[in-house]
Amino acid sequence: MADERQRARRSCLSVPGSNPRFLEKAQTLPVDAVILDMEDSVAPSEKDRARAAVVEALTSGGWGERLRTVRVNDLTTEWTYRDVIDVVEGAGAELDCLVLPKVTAARDVMWLDQLLTQIERANGLALGRIGIEAQIEDAAALTRVEEIAAASPRLESLVFGPADFMASIAMKSLVVGEQPPGYTDGDAYHYVLMRILVAARANGLQAIDGPYLQIKDVDGFTRAAQRSASLGFDGKWVLHPEQVEASNAVYAPTQADYDHAELILDAYEYATTVRRRGAVMLGGEMLDEASRKMALTAAAKGRAAGLHRTRTFDPATDAAY
Ligand code: GLV
Ligand code: MG
């Protein structure tokens, strides 16, 4: 995976593209990514206005290091082609990714890839720079998630869409992102999250959890986020300023875990190169090549989250060979 594809996405803030006040507010929040939405948070009568407002917001700047993404309408509507053309022709150089909702097969992603390539060619934009994030949000998409994940080199992430997904499978609940009432012995989303995560990782993509609509319930948000973060998900959509800090914290490693991961990398590097051993003891812990791989992931997430190590490795006292 190119470095560009590994950017932090701990908190991905979705804001209605038709609301300039929300777009302005988004620029003040410490989120890793913004999703300027032209789909379900924009009324049908406002779609044209949203396109213009999104182009204006992108070209006016002020987004700092935040990843700038735009969610276009899904391919069953009459809006998608114009969404893509207007936004990329109007602000392609200021756009990092397009989010394609309600993807149901690889061909949806391929369509967007080809259209992007044409627009880039015609407008002198860097070929292939704009990424794609595919939302997996119905039963058909989940059955084809492996082929969707492999559909284009532009893909950067798979994003779970719990609201549409719950509707699609007729889950007996109206509280989006929360466990359905009566399901007490497990996580009703585990199967879905795991399939998305495995398909994403098999193709070098990030996996992003979807929104939690009870925006006042930060504890509930945190609980839901911890479930997907502990499986390996890289971040979650947020809808409200109060969810941002929780998301940034949950999807980054703790300082202690980050320090530990960097220590493992140093200890293993020292063992294999200086001591020429494939295994080493770090405190009471036996490390081998697989430990290095696990530590690489935690170290990469920590660095992307801006953590700095607070411990350095001392071969004389930290490790035994
Ligand atoms: C997001 O798009 C969702 O459907 O949850
Ligand atoms: Mg949706």
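Each remark here, short or long, concerns the structure printed above.
These lines cover the structure that appears in this document, whether it is placed above or below. (Residues numbered from 1 in each chain as written. Chains lettered and ligands numbered in written order. Predicted model: local features only at pLDDT ≥ 70, side-chain atom pairs only at ≥ 80, totals over all residues. Heavy atoms only, no water.)

## Topic: the overall build of the protein chain
Tallying secondary structure elements over the protein chain gives 13 helices and eleven strands in all. Over its C-alpha atoms the protein chain spans a radius of gyration of 21 Å, differing by no more than 12% from the 20 Å that the globule rule assigns to 321 residues. Projected onto the principal axes, the alpha-carbon positions of the protein chain cover approximately 70 × 55 × 35 Å. Taking all 321 residues of the protein chain together, 51% fall into the buried category. Sequence separation of 24 or more characterises 71% of the internal contacts of the protein chain that already satisfy a separation of 6 or more. For the protein chain, the accessible surface area stands at approximately 14,800 Å², while carbon and sulfur atoms represent 53% of it. When the 35 positive and 47 negative side-chain charges of the protein chain are each reduced to one mean point, those points stand 2 Å apart. (Helix = DSSP H or I, 4+ residues; strand = E, 2+ residues; numbered from the N terminus. Rg over C-alpha atoms; globule rule 2.2 N^0.38 Å. Buried < 20%, exposed > 50% of the residue type's maximum accessible area, 1.4 Å probe, protein only. Contact = heavy atoms within 4.5 Å. Areas by Shrake-Rupley, 256 points an atom, 1.4 Å probe, with all protein chains shown as cover. Lys, Arg positive; Asp, Glu negative; His and termini not counted. Charge placed at Lys NZ, Arg CZ, Asp CG, Glu CD.)

## Structural notes on the site of ligand 1
The immediate surroundings of ligand 1 are formed by R71, Q135, E137, G161, P162, A163, D164 and P211. At a separation of 3.0 Å, an oxygen atom of ligand 1 approaches a polar backbone atom of P162. Between ligand 1 and D164 there is a distance of 3.0 Å, counted from an oxygen atom to a backbone nitrogen or oxygen. Here ligand 1 has 190 Å² of accessible area as a free molecule, and 94% of this is covered by the chains. Looking at the shell around ligand 1 element by element, the count peaks at three residues for helix α7 (residues 162-169). (Near = heavy atom within 4 Å. Polar contact = N/O pair within 3.5 Å; in protein donor to acceptor, adjacent residues only side chain to side chain.)

## Regarding the sheet that holds strand β2 (residues 33-37)
Reading around the barrel, the eight strands line up as β1-β2-β3-β4-β5-β6-β7-β8 and close back on themselves, with parallel pairing between neighbours. Across this sheet, the average inter-strand angle for adjacent strands is 25 degrees, counted without regard to direction. For β2 and strand β3 (residues 67-71), the ladder comprises five bridges, and the chain directions are parallel. Counterpart to A33 in the pairing with β3 is L67. (Pairing = 2+ DSSP bridges. Axes fitted to C-alpha atoms, helices over the stretch in contact; angles between N-to-C directions.)

## Quick notes on the coordination of the magnesium ion (ligand 2)
Within the first shell, the magnesium ion (ligand 2) binds the protein through E137 (OE) and D164 (OD), at distances of 2.0 to 2.2 Å. Of this pair, E137 sits in the loop between β5 (131-136) and α5 (139-143) while D164 sits in helix α7, and the two are 27 residues apart along the sequence. For E137, a relative accessible area of 3% corresponds to the buried category. Taking the relative accessible area as the measure of exposure, D164 reaches 24% and is therefore partly exposed. (Donors = N, O, S within 2.8 Å, 3.2 Å for Na, K, Ca; no water.)

## Thoughts on the nonpolar core
One finds L36, V70, V84, L98, L158 and I196 to be the most contacted residues of the largest nonpolar core, which totals 68 residues. A261, L263, L287 and F313 belong to the second-largest nonpolar core, a separate cluster that totals 14 residues. (Core = buried A, V, L, I, M, F, W, Y, C linked by side-chain atoms within 4.5 Å.)

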